[in-house]
Amino acid sequence: QVQLVESGGGSVQAGGSLRLSCVPSGSTFSRPTMGWFRQAPGEDREFVAAITGSRTSYADSLKDRFTISRDNGLNTLYLQMNDLKPEDTAVYYCAAGRVYLGTRGNEYDYWGQGTQVTVSS
């Protein structure tokens, strides 16, 4: 069983930056892909970014502003978010799964509880 704990959310003004972190408890060896998703109020959950090994993938609309990375020594997943916009306001979730650079929620087996990001104009 893997538990994921996100942190780093908060409130920022448009143009600001945030770095989200996700720390798994338990081994993620069998779940080599880590991903970030987000869900805004009244919206469906959407893919943000994924990492498998050293390879990454992003939602096309976010790849110029968001960067996913992982520190294997610290066993931590990150999402660096720059030039934030009000439309980035959402709950952000990290997830662990088996599918190489998975982009769909059903490709992930474990989910964190989410961290709120609020961007004001």
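Residues numbered from 1 in each chain as written. Predicted model: local features only at pLDDT ≥ 70, side-chain atom pairs only at ≥ 80, totals over all residues. Heavy atoms only, no water.

### Some remarks on the side chain of Thr115
Positionally, Thr115 belongs in strand 11 (residues 115-120). Residue classification places Thr115 among the buried residues on the basis of a relative accessible area of 10%. A distance of 3.2 Å separates the side chain of Thr115 from the backbone nitrogen of Gly9, its partner in a polar contact. (Helix = DSSP H or I, 4+ residues; strand = E, 2+ residues; numbered from the N terminus. Buried < 20%, exposed > 50% of the residue type's maximum accessible area, 1.4 Å probe, protein only. Polar contact = N/O pair within 3.5 Å; in protein donor to acceptor, adjacent residues only side chain to side chain.)

### Observations regarding the state of the cysteines
In the structure shown here, the tally under the stated rule is one disulfide. A sulfur-sulfur distance of 1.9 Å marks the disulfide that ties Cys22 to Cys94. Because the torsion about its S-S bond is 45°, the bridge between Cys22 and Cys94 counts as right-handed. Note that Cys22 is positioned in strand 3 (residues 18-25) and Cys94 in strand 9 (residues 90-97), a separation of 72 residues in sequence. For Cys94, a relative accessible area of 0% puts it in the buried group. (Disulfide = S-S within 2.5 Å.)

### With respect to the packing of aromatic side chains
Tallied over the entire structure, the rule returns four aromatic pairs. Following the ring pairs from residue to residue traces out a cluster consisting of Phe37, Phe47, Tyr108 and Trp111. Here Arg45 stacks its cationic end above the ring of Phe37, 5.9 Å away from the centre of that ring. Over the ring of Trp111 we find Arg45; its NZ or CZ atom is 4.2 Å from the centre of that ring. (Phe/Tyr/Trp six-rings, centres within 6.5 Å; stacked < 30°, edge-to-face > 60°. Lys NZ or Arg CZ within 6 Å of the ring centre and 35° of its normal.)

Purely geometric stuff here, so don't read any function into it on its own.
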